[in-house]
Amino acid sequence: MKIARMSPVEMNLEARFDAYVAEEKKIEPKDWMPDAYRKTLIRQISQHAHSEIVGMLPEGNWISRAPSLKRKAILLAKVQDEAGHGLYLYSAAETLGVTRDQMLQDLHAGKAKYSSIFNYPTLTWADMGAVGWLVDGAAIMNQVPLCKCSYGPYARAMVRVCKEESFHQRQGFQVMLNLAQGTPEQKAMAQDALNRWWWPSLMMFGPSDADSPHSAQSMKWNIKRFSNDELRQRFVDMTVPQAELLGLTLPDPDLKWNEARGHYDFGAINWDEFYNVIKGNGPCNKERLGARVKAYNDGAWVRDAANAYATKEATRQKNANASTHAA
Amino acid sequence: MSESKQEWPLWEVFIRSRQGLGHKHAGSLHAADAQMAMQNARDVYTRRQEGVSIWVVPAEAITASSPDDKDVLFDPANDKVYRHPTFYKLPDEVNNM
Ligand SMILES: [Fe+2]
Ligand SMILES: [Fe+2]
């Protein structure tokens, strides 16, 4: 139906666009692009931005409870980075013609999605380790290919993000390592966190390729480089030896090395749980969204006051200039 | 209290990463005024000593060329190969000139 509405000129533009992107060339904000490409990017980049911002909440919960001043400073820096990631990404999305306000309204109205992983609670300090190690680890796996995405502003934002993510994963692994080498209670705490975060981390790569509605087109547009299943497999292969080093057990009885494939086989993912959390029925969906809406509403007077002050200062400046010129 | 509902304006941020280099576009942000734009730029774009100097420019103050003008603006230079040193074939003895 889309094609029928396009004029010959547009079809020509679209063919040129496809060829251009296929040559690994970059698209910049003012360049012509198909509507669907623009919409796909706005959806993906704004969801990504929302994930960074909502992702601050489960960890923010532990800033005041961190076990030492050093850990508090590290966690604070990490959560501040996530705020930065959200801001880089909102800016990148805005270059496509959507306003920041519109994106925030969509999030607050429950119309826009964010990564479902952040709808799980962070129950103990070990969760700060598991989140950094696994959640940031899975995010890195997803994000590194995006540094070569066809849309310039998104690719540039992702380069910045990826440079900063590595510390997130390493500090998380170190938290796990300290706990795993600690008292039996501390080790049990680390194992418990791993048990709760493992499966949701695997779900972060999204549905299996067969059930992933936008994948094929995004691959063609060089927005997506590897399939969800491919990235998930890479993550499992990377994580198994890390868990062994920690002396912790991944909570999957079906996990075993497959010599023929050269990869680890792993058990079936509970996709019902995944879709249920996306639909809003995860343990913390209401709490997370509620916290974002409250922060936004509570900040309204600050935004207004800053606007009023800026307007007043600008007027004062203008009047001062006018009187200088008059003199 | 009346709510203005007005979004803070957009600013483009340029950063000099070290002395001797030019300012390079880093990204953009929203701020109510120049001073706030500067503070936000510091927090958003230089958390790891990425810069020694920052410019913030109201996005609406920038005049940008349009992709449609690409041919008009940049093609005329395409056939002026004599602007490049390699255009000139000189004797071997002096070819490192
Ligand atoms: Fe991040
Ligand atoms: Fe992170």
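Scroll up for the structure.
Residues numbered from 1 in each chain as written. Chains lettered and ligands numbered in written order. Predicted model: local features only at pLDDT ≥ 70, side-chain atom pairs only at ≥ 80, totals over all residues. Heavy atoms only, no water.

Draft legend 1. Seen up close, the coordination of the iron ion (ligand 1). All names here are of chain A. On the protein side, the iron ion (ligand 1) has Glu-52 (OE), Glu-82 (OE), His-85 (ND1) and Glu-165 (OE) as donor atoms, found 2.1 to 2.2 Å from it. Given four donor atoms and angles of 82 to 157 degrees at the metal, the environment of the iron ion (ligand 1) is assigned as irregular. When the donors of the iron ion (ligand 1) are listed by position in the chain, the intervening gaps give E-x29-E-x2-H-x79-E. Between the iron ion (ligand 1) and the iron ion (ligand 2), a separation of 3.4 Å is found, and both are coordinated by Glu-82. Of this pair, His-85 sits in helix α5 (residues 69–94) while Glu-165 is found in helix α8 (residues 152–180), placing the two residues 80 residues apart along the sequence. Residue classification places Glu-165 among the buried positions, given a relative accessible area of 2%. (Donors = N, O, S within 2.8 Å, 3.2 Å for Na, K, Ca; no water. Tetrahedral: all angles 85-135°; square planar, octahedral: opposite > 155°, others 65-115°. Helix = DSSP H or I, 4+ residues; strand = E, 2+ residues; numbered from the N terminus. Buried < 20%, exposed > 50% of the residue type's maximum accessible area, 1.4 Å probe, protein only.)

Draft legend 2. Quick peek at the nonpolar core. Membership of the largest hydrophobic core comes to 51 residues, with the highest contact counts inside it found for Trp-125, Trp-133, Met-176, Leu-194, Trp-197, Trp-198 and Phe-235 of chain A. Of all the secondary structure elements, the ones that give two or more residues to this core are α5, α7 (126–143), α8, α9 (184–203), α11 (228–246) and α12 (271–281) of chain A. Per element, the largest residue contribution to this core is 10 residues, and it comes from α7 of chain A. The residues touching Phe-235 of chain A, leaving out its near neighbours within four places in the chain, are Leu-134, Gly-137, Ala-138, Met-141, Trp-198, Ser-201, Leu-202 and Phe-205 of chain A. Grouped together as the second largest cluster of nonpolar side chains are 44 residues, Tyr-88 and Ala-92 of chain A together with Ile-15 and Leu-29 of chain B included. (Core = buried A, V, L, I, M, F, W, Y, C linked by side-chain atoms within 4.5 Å. Contact = heavy atoms within 4.5 Å.)

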